[in-house]
Amino acid sequence: MREGIIVKGIGGFYSVKTADGVYECRARGRLRRESVVPMVGDRVHISLENGKGSIEAIGERTSMLIRPPVANIDQLVVVAACSAPAPNPALIDHFLIMGEIIGVQTVLCLNKTDLDGDTGSEIRQIYEQAGYRVLCTSAVCGAGIDELRALLKDRVTAFAGNSGVGKSSILNVVDLDFVLKTGEVSEKIKRGRHTTRMVELLALGCGGYVLDTPGFSSFELPDIKAEELELYFREFSPYLGKCRFRGCAHVGEPDCAVLAAVQAGEISQQRYDSYKALYYDLKKAKEW
Ligand SMILES: Nc1nc2c(ncn2[C@@H]2O[C@H](COP(=O)(O)OP(=O)(O)OP(=O)(O)O)[C@@H](O)[C@H]2O)c(=O)[nH]1
Ligand SMILES: [Mg+2]
Ligand SMILES: [Zn+2]
């Protein structure tokens, strides 16, 4: 019996990386009968017989993403570009909320600092104030790449962010053995599709794995209640329970502690606006 991690899965075949190489495996009938479907990221035990590998057991999952389907991520890096495409705060917040929901360490990476450093500093300030670690990178001039590599070492990290922000480009400079496809933003918008498609964990030369998640140009709201949303804006936490009304939604009620913090500059106006927009979206989704 060998231990490994599923790095890729296509049509019932799984590539399992073990200490002595990658094996193509199928799931044992027993697993299928128990309707346990192996996922990329699963820690598994495999057996080998006549060169054919079988997944015998799947370890308990510590985290799970549904789209893209991947298990046991221990870190999420949300990538945004300082320019081309312009940063989209609503989308950044959406990905950060996903990180809060699945409960993994989440870091914001502002790429393309070579194009517009000022926008980078502004956004950095907003998200550092909100309590996130922010890295500023450039796949072109190499800024911030050493810091990013240190962050990825020995961890399993998913990269998320809209199409064209440079996820694949950054990974290609983090690990020079990577040859991920990258594309021109304008070309992609024209053809209306993403450069990155397959769900695959890539082993880093320095240790650890990364998942180059395909970009999202539009997104679905996470499956949460509007009333829960306050829990996923981490900088709101010191103020929760301090509003005049129990069950205050922080969208304009009198004596709201969250709104007071916004007015005092302790919570960024942009994050608050993002909260309100998402709150109303979630409310509406529920009514439907
Ligand atoms: N100036 C500059 N351009 C960059 C940088 N990083 C990436 N690019 C360019 O941005 C474009 C998109 O980069 P990709 O790496 O394909 O973006 P992606 O996030 O992987 O996109 P999807 O795979 O579609 O989700 C390419 O033309 C890159 O050369 C950067 O730091 N600075
Ligand atoms: Mg890509
Ligand atoms: Zn309130």
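Residues numbered from 1 in each chain as written. Chains lettered and ligands numbered in written order. Predicted model: local features only at pLDDT ≥ 70, side-chain atom pairs only at ≥ 80, totals over all residues.

Asks: Could you give me a rundown of the packing of helix H4 (residues 145-152) against helix H5 (residues 167-174), with the residues and numbers involved?
Replies: For the pair H4 and H5, the least separation of the axes is 10 Å and the interaxial angle reads 85°. Classified by the angle between their axes, H4 and H5 sit roughly perpendicular to one another. Contacts between H4 and H5 involve Ile145, Leu148, Arg149 and Leu152 from the first element and Ile170, Val173 and Val174 from the second. Tallied by class, residues from the contact of H4 with H5 come to six nonpolar, no polar and one charged. (Axes fitted to C-alpha atoms, helices over the stretch in contact; angles between N-to-C directions. Helix = DSSP H or I, 4+ residues; strand = E, 2+ residues; numbered from the N terminus. Parallel < 35°, antiparallel > 145°, perpendicular 65-115°, else oblique. Contact = placed C-beta atoms within 7 Å. Nonpolar A, V, L, I, M, F, W, Y, C, P; charged D, E, K, R; others polar.)

Asks: So what's going on with the domain arrangement of the protein chain? Which residues, and what values?
Replies: Taken as a whole, the protein chain is organised into domain 1 (2-58), domain 2 (64-212) and domain 3 (226-287). The gap between the C-alpha centroids of domain 2 and domain 3 is 27 Å. Secondary-structure elements contributing two or more residues to the side of domain 2 that touches domain 3 are helix H2 (89-102) and helix H3 (117-129). With six residues, H2 is the single largest residue contributor to the side of domain 2 that touches domain 3. Residues belonging to the side of domain 2 that touches domain 3 are distributed by class as follows: six nonpolar, two polar and two charged. (Domains from an automatic or database assignment.)

Asks: Please provide a residue-by-residue account of the environment of Ala80, values included.
Replies: On the secondary structure map, Ala80 appears in strand E8 (residues 75-81). Look at Ala80 and you get buried, because 27 C-beta atoms sit within 10 Å. Residues Ala80 and Gly51 lie 29 residues apart in sequence; the distance between their C-alpha atoms is 44 Å. What Ala80 contacts, discounting residues up to four positions off in sequence, is Pro87, Ile92, Leu108, Leu110, Gly161 and Val165. (Buried ≥ 20, exposed ≤ 12 C-beta atoms within 10 Å, placed from the backbone.)

Asks: Requested: an account of the sheet that holds strand E10 (residues 133-136), with residues and values cited.
Replies: If you walk across this open sheet you meet the six strands as E10-E9-E8-E11-E13-E12, and the pairing is mixed. Lying at the two open borders of the sheet, with one neighbouring strand each, are E10 and strand E12 (201-203). Neighbour to neighbour, the strand axes of the sheet diverge by 25° on average, direction disregarded. Two elements, strand E9 (residues 105-111) and E10, share four bridges in a ladder whose sense is parallel. Following the sheet pairing, Cys109 is matched in E10 by Leu135. Relative to E8, H2 is tilted by about 175°, and along the sheet it contacts E8, E9 and strand E11 (156-160). In the packing of H3 onto the sheet, the strands contacted are E9 and E10, and the crossing angle to E10 comes to about 165°. (Pairing = 2+ DSSP bridges.)

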